[in-house]
Amino acid sequence: MRFYHLYSLFFLLLFTVPALAQNFQVRGSVRDANNGEPLIGATVAVPEIGLGTSTNEEGFYTLSLPEGEYTLQASYIGYSSFSRSTRVTGGAQQRINFTLDPAETELKEVQIEANSLRQKLNDTRMSVESLSSREAKLLPALFGEVDLVKTLQLKPGVQSGGEGTSGMYVRGGGPDQNLVLVDDAVIYNPSHLFGFFSVFNPDAVKSVDLYKGGFPAQYGGRLSSVLDVKLNEGNNERIGATGGIGLIASRLTVDGPIVKDKVNFIVSARRTYVDVFTRQINRLSEGKPDYDPIPDYYFYDLNGKLTYKVGKNDELTLSGYLGRDIFGFNDDRFKFDFNWGNTMGTLRWRHKFNNSLYATTSLYTTGYRYSINNAIDVFSAKLTSAVQDYTFKTDFDLFVKGGHSIKFGAMATRHHFTIGRLNFETGDSTQSISTGTNLAGTEFGVYASDDYQVSAQLSLNYGLRFSGFNSGGKTYTALEPRAAAKYNLSESTSLKASFASMKQYVHLVSNSGASLPTDIWYPSTEGVEPQRSQQVAVGFNKLFGRGKYMFTNEVYYKWMTNQLDFRDGANLFVNDNLQDEFLFGIGKSYGNEIYLEKIKGKTTGWLGYTLSWTYRKFDSENDLDDINEGRWFPTRYDRRHDISLVVLHQLNKRLSVTGAFVFGTGNAYSIPVARFVFQDVEGEDPSVIPIYEDRNSFRLAPYHRLDLSAVLKLKPKRGESDLTFSVYNVYNRRNPYFVYFEQVRDEERRETLGFQAKQVALFPLVPSITYNFRFK
Amino acid sequence: MKLKHTLFFLLPFIAAFYGCDMDKDISIDLPSYNPQLVVEGYLEPGKPFRIAVQESASYFDAPTPPLVPDAEVVITHNGRRIDLTYKPRLDNRTGFLYTHSSEEIMNGKPGDIYGLEVTDGKGRKVTGFTTILPSVPIDTVEWRFNDEDEALLLTSFQDDANTENYYRYMTHRDSLTHDSDREFFSSDKLNNGNVITFGSNYRYERGSNLIVTLFNIEKQYYDFLSSSDNAKDSNGNPFAQPSRIRSSVQGGLGIFTNLAYVRKTIVIK
């Protein structure tokens, strides 16, 4: 029955092909004039009739236009736009290629062309946030570390997990429900240091698209969002270097051609160096009584990409990522080493069959692993969990007359999971413990979709994904229909709607609500059914102020089944029967996202407001395991109001200033309502045991913060450079990170005098300075 | 992971803000709370029956635990009902404040089952059971020195392969009148039937006088201890989920169990 639906979709696609409208095709590419790199997501618009499209991964576009005279405008963030007039006739297919120059002003990053607003208005897709590294670099950053994910958190519908963290909670989904793709490969844990920094080195990233809903059929495997990160390909004209020296980290990127116009490379590295200082402090304090040495901590990222243009129609790309967090403590008594990170490698082949058909085929492997090594005297213990994927993926883009842009493809992934592998032994082998579970699973997906421009006003994007997962003899399959529609009410107004059904076959085992390095991934099995979500969204877009401003309002409703949580006191680390600790429930999230943006002129920026509700419910067969006694409860990141205001202003050619203000309802939080005294047995002091009742029924105080930054362009003899000053939390607000209850004690009399609620904040005002350079 | 452990990981970054006052007192209005009976009782062969009955309280109420004078406590064993009298007393040796007691000495053998019933004037009723366990002998207590003349301590014993066992282990310096130097509890899930060794890091000097105690505990006691620890951790750990107390009694909160332990005193030399 399910296969029937899939075939009927293909049939539908084929059937629609001959249904020709009186439209003719114009196609071509948009490239960077300096280095010839394709510009992904560049806009090609036809202002006369309010039509537009964006370029695909190869920088190609296709437009379907009725006969007539038109102006085609190509634009891309940070580049000067380019217009060309053309006459569309019923004769031979027309090709119009554009090469765009990076904007010529000193602060070209501010130069964001308004045409992308028109493209947004006319795009069938909705609920998408796009970002370039250049935009992110202008915004204030904690410790001066530019972070693309934290910039995305300033967009409506995207929330952070907590102060300073780079975890994303998209439309009520958890951080494990984000499909994070780097050059098509999945990254399992996209953060460093408890989520305070994301793994994306801004110099290595070309573009980022975040889908919050209306997911195109080529994406699958996670419920709540798709974060599609494309890495830079490197300059194919000349060798260059880009980098920065910051307060806590430095970064360096080198790129250029190996064989001009044939083979080019890019290598990026970033490393924190707080450990250099803490080691020095430890050395100076050595021997001091009562001095506890500060443990070593650092993280690094390495990105590399090699692009080989084999011929006119073929391109091979080899890209890789390696990131590690290293935490270590080592003295005469105790050795502790904790490291975690992702490793990814992709080999990709792009092939152009003809002007209408392109294929991208990839083989990639990706993995996440953490390892804790502990040694004392002859005893040593090692705890490891890991996930390792091997994926084959092929995607086709087919442009068909009549305004059809068809995508179809397939993927298969073999997952290997190492879950809580503990090895404990003594040097003399008198004792040894070895425990842990190895699981495997195969995931696959087949999809087809059509972006169909029905008329100048109406466009549709409909598709179907058939996905499945097999593990331990149990197979799950699902049909995931996707649909989106756009209708232009006028030249400046459009209405949009979308529906997406998603399935998730791998689950994150973590009850922390934060992105911890000790994350364990677990497959769907006989007893663990896949997660499912369905989302509907409708939107309204209005362009005004002569195309300088755009107002967007989107309303969404998402419901989720087979959501995962854990029994109270679950042992998630060393447990060979981990799935016995799981609880399954349902979830729902709904809200309204309002977005007003201005991207032209000396002052640009946006104002976002989200009103939303997010709930979960875990009502199991065994009442003792129910969370919140089986009633609905708000998730920790349920945020009723969320406001972000970002203003970028170019004061003069050398100086730009940026301000970002955020306000959010306080996180939902569980606090103990009562307590009792546990006296315990002889030899143990009495303690106070907190009693928790309703889950997340308390609200932390609202969160608000203002950040400012200034970018000053320097005038070096060679290349370009700037100084970025950034102040995080300008008015030094003590935003609540968490709340706890403390005993007020008279230690001399060993007496408890009372209890006091305490609120802990994490970051006060944090100034930082970063020096950035670029040599080409 | 407790707060201090979390902060330990963040130390390199937090060091930058050392001196900034990042926490402050706040006031919170708690919802109204209906107090529950809380019982605590440890039966021990050769010792009289002693039970503490108190009430849980709203978090910001006065710190003294509310006693329940009208509570009636009965221990049941083999069809016998032993009434305990309300007479709050502090056992000066153990520091245990009990409210109900009997002069009768408990002399149960491993496998014997004892019941507890607590009722009060508000119609509340708490019940529980405990099965007397045998103690588990400690095979060896040994220590090893490092180059700096600091010793670690290793306590080994044989686990019974035929039963599911739970242990509580403590070491004290000099006496039992103060909190333990080291305490934890564990199941035998990972090493059933093997020799189990509990160790410490290098923390003892020559001449240290140590008291080592190994309890063989019931699963319900282990569950209560671990859930209490989780609840304590949740109060102050931003990454923890709140945890419910898994009491060994029904109708209220608390623990009713028996103590089966072996204690050894050693001097590090």
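Our structure's up above, just so we're on the same page.
Residues numbered from 1 in each chain as written. Chains lettered and ligands numbered in written order. Predicted model: local features only at pLDDT ≥ 70, side-chain atom pairs only at ≥ 80, totals over all residues. Heavy atoms only, no water.

Caption draft 1: The arrangement of the interface of chain B and chain A in detail. Listed by partner, the interface residues are 85 residues for chain B and 84 residues for chain A. Carbon and sulfur atoms make up 61% of the area that chain B and chain A hide from each other, which totals about 7,800 Å². Where chain B meets chain A, there are 3 salt bridges. A salt bridge links Arg168 of chain B to Asp680 of chain A, with the shortest nitrogen-to-oxygen separation between them at 2.8 Å. Where chain B meets chain A, there are 25 residue pairs in polar contact (both at pLDDT 80 or more). (Contact = heavy atoms within 4.5 Å. Buried area = accessible area lost by both parts, 1.4 Å probe. Salt bridge = Lys/Arg side-chain N within 4 Å of Asp/Glu carboxyl O. Polar contact = N/O pair within 3.5 Å; in protein donor to acceptor, adjacent residues only side chain to side chain.)

Caption draft 2: Broad picture of the environment of Lys109 of chain B. Residues and elements named next belong to chain B. With respect to the helices and strands, Lys109 occurs in the loop between strand 7 (97-105) and strand 8 (113-119). For the pair formed by Lys109 and Leu97, sequence separation is 12 residues and the distance between their alpha carbons is 26 Å. At a separation of 3.3 Å, a polar atom in the side chain of Lys109 contacts the main-chain carbonyl oxygen of Asn107. (Helix = DSSP H or I, 4+ residues; strand = E, 2+ residues; numbered from the N terminus.)

Caption draft 3: Spotlight on unusual backbone geometry. Residues and elements named next belong to chain A. Positive phi, close to 45°, is recorded for Asp183, a residue that is not glycine. Within the secondary structure, Asp183 is located in the loop between strand 12 (178-182) and strand 13 (185-186). On the accessibility criterion, Asp183 (0% relative accessible area) is buried. In this structure, Asn696 is a non-glycine residue whose phi angle is positive, near 50°. Checked against the element boundaries, Asn696 lands in the loop between strand 42 (687-692) and strand 43 (698-699). (Buried < 20%, exposed > 50% of the residue type's maximum accessible area, 1.4 Å probe, protein only.)

Caption draft 4: A look at the sheet that holds strand 16 (residues 205-211) of chain A. Residues and elements named next belong to chain A. Overall, mixed pairing links the 5 strands, which are arranged 9-16-17-12-13 in an open sheet. Edge strands, defined here as strands with exactly one partner in the open sheet, are strand 9 (128-132) and strand 13. Taken together, the 5 bridges between strand 9 and strand 16 define a ladder with antiparallel strand orientation. Across the sheet, Val128 pairs through a bridge with Tyr211, a residue of strand 16. (Pairing = 2+ DSSP bridges.)

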